[in-house]
Amino acid sequence: MASIIRALRPLSRTPSVRLAGKRLVGRPVQSAYAFSTTPRRREVDLSELTPTPITLLSETESLMADSVSKFALEQIGPKVREMDEAETMDEKVVEQLFEQGLMGIEVPEEFGGAGMNFTAAIVAIEELARVDPSVSVMVDVHNTLVNTAIMKYGDAQAQRTWLPKLTTGTVGSFCLSEPASGSDAFALQCKAEKTADGYKINGSKMWITNSMEAGIFIVFANIDPSKGYKGITAFIVEKDTPGFSIAKKEKKLGIRASSTCVLNFDDCVIPKSNLLGEEGQGYKYAISVLNEGRIGIAAQMTGLALGAWENAARYVWNDRRQFGDLIGNFQGMQHQIAQAYTEIAAARALVYNAARKKEAGQDFVQDAAMAKLYASQVAGRVSSSAVEWMGGMGFVREGIAEKMFRDSKIGAIYEGTSNIQLQTIAKLLQKQYTN
């Protein structure tokens, strides 16, 4: 299969005014004047642009959506149930994600990436989630957390060393959470001490996504506990490093094909060159990339919600009959379907608004929190309703309805729980409205 990114790369270099062709139902439409035709938004005077609907896509983004949708349906779709039952990501799927260029969407071309914009990555994450949220979160964490951290905070040597690997065949993992530091992330106990040639890491990490597939791990450890969170530092650890081990793979309610593991570091020695950025700045790095990552998780949730809605809507409007009629023709059912779709559209508006503000160089922290909060809520409601609309067929494991329902729950938990998002939103609002 031809590479998605190779085909779209020329379009991403030069803004185009051509209109996109056929688009799928529920996808933001393409626009020649969308704000997101270039990743270098800080250089653009937005005041000179005519405002457009938030969800309009550039030609590159629209074609990305079409291409990823086709790839997901044809290559991932047939394997979704098997991967979920086995609780394992198919190695061929991972290989194809790299072949299609979906593991380096924002990474500059000089490092093997596509050099595209943030919204292009969000579009890809959303389209993958319409078919399998497990695959979507692998791509999301790899792009919005791992690649972003190295691009933003790695020096020139670090970028030359790690980015080509991350774009061509090595999965990345972001290691922040620990048994006693989830929402209170900066209470982490993992420690790092300086050695003559580098650093020695000791401690454990928990709930780490992509662990089984990853070869590169960004690990947060405290180099000076006396300084509290200001001692937290980011390091890069390779999977074959002595002292590093995967202790346990979790068995989960949802996104079961996505690996989530406990990691141990026992006198894990790494060279000085594996320091990411500066000592003591890890807490700032984590906050920054997680704010971006939350938009990715929100996109995963809107994709999941739309996938669940479409699957159920097609069934009730074409197949399921009761009392001599398709149940989708009953007014009570139609109202539920319309309500669910309206909520999906509202959630997507929040997601794309946050993405556009991020690209524009504007403050997007509150927008990201609102997008993740609401998108996860909508995903839970819609996927639950979809199971009910489909009746018995929604409850059995022959289709995707029950899987989407199970998968939706994680949206309110990882990369900041719903309560953490509410607290973030409230603090920013209080600051704005306090005299």
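Residues numbered from 1 in each chain as written. Predicted model: local features only at pLDDT ≥ 70, side-chain atom pairs only at ≥ 80, totals over all residues. Heavy atoms only, no water.

### Some points on the nonpolar core
Basically, it comes down to this: Side-chain atoms within 4.5 Å link the members of a nonpolar core, which is a set of buried Ala, Val, Leu, Ile, Met, Phe, Trp, Tyr and Cys residues. Throughout, exposure labels follow a simple rule: accessible area from a 1.4 Å probe, protein chains only, divided by the maximum for the residue type, with under 20% read as buried, over 50% as exposed, and the rest as partly exposed. Numbering goes from the N terminus for both helices and strands, where a helix is a DSSP run of H or I of at least four residues and a strand is a run of E of at least two. Between two residues, a contact is recorded if the distance between any of their heavy atoms is within 4.5 Å.
Core analysis: the largest hydrophobic core is formed by 70 residues, its most contacted members being F174, F220 and I295. At 19 residues, the largest contribution of residues to this core is made by helix α8 (residues 282-318). Residues in contact with F220, not counting those within four places in the same chain, are F174, C175, L176, E178, L188, C190, K205, I232, T233, A234, G282 and A286. Counting residues in each nonpolar core, the second largest holds 54 residues, with I5, M64, V93 and Y199 among its members.

### Observations regarding helix α13 (residues 418-433)
Operational definition: The span one expects for a helix is its residue count, reduced by one, times 1.5 Å. Here, the arc refers to the directions that run from the helix axis to the C-beta atoms.
Taking 1.5 Å per residue as the helical rise, α13 with its 16 residues ought to reach 22 Å, and the 22 Å between its terminal C-alpha atoms agrees with that figure. All of the buried residues along α13 are S418, Q421 and I425. One side of α13 holds all its buried residues, which, seen down the axis, span an arc of 65 degrees. Summarising the geometry of α13, the exposed residues directed more than 90 degrees from the buried face are N419, K427, Q430 and K431.

### A look at unusual backbone geometry
Residues other than glycine seldom take positive phi values, yet I255 does so here, at roughly 35 degrees. Looking at the element boundaries, I255 is found in the loop between β6 (244-249) and β7 (260-271). By relative accessible area, which is 4% here, I255 ends up buried. The backbone of F323 shows a phi angle near 55 degrees, a positive value even though the residue is not glycine. Topologically, F323 is positioned in the loop between β9 (321-322) and β10 (325-326).

### Let's talk about the environment of A120
Examined against the element boundaries, A120 turns out to sit in helix α5 (residues 118-131). By relative accessible area, which is 0% here, A120 ends up buried. Once the C-alpha coordinates of A120 and D319 are considered, the two residues, 199 residues apart in sequence, prove to be 35 Å apart. Each residue touching A120, except ones within four places of it in the same chain, is listed here: E61, M64 and I105.

Purely geometric stuff here, so don't read any function into it on its own.
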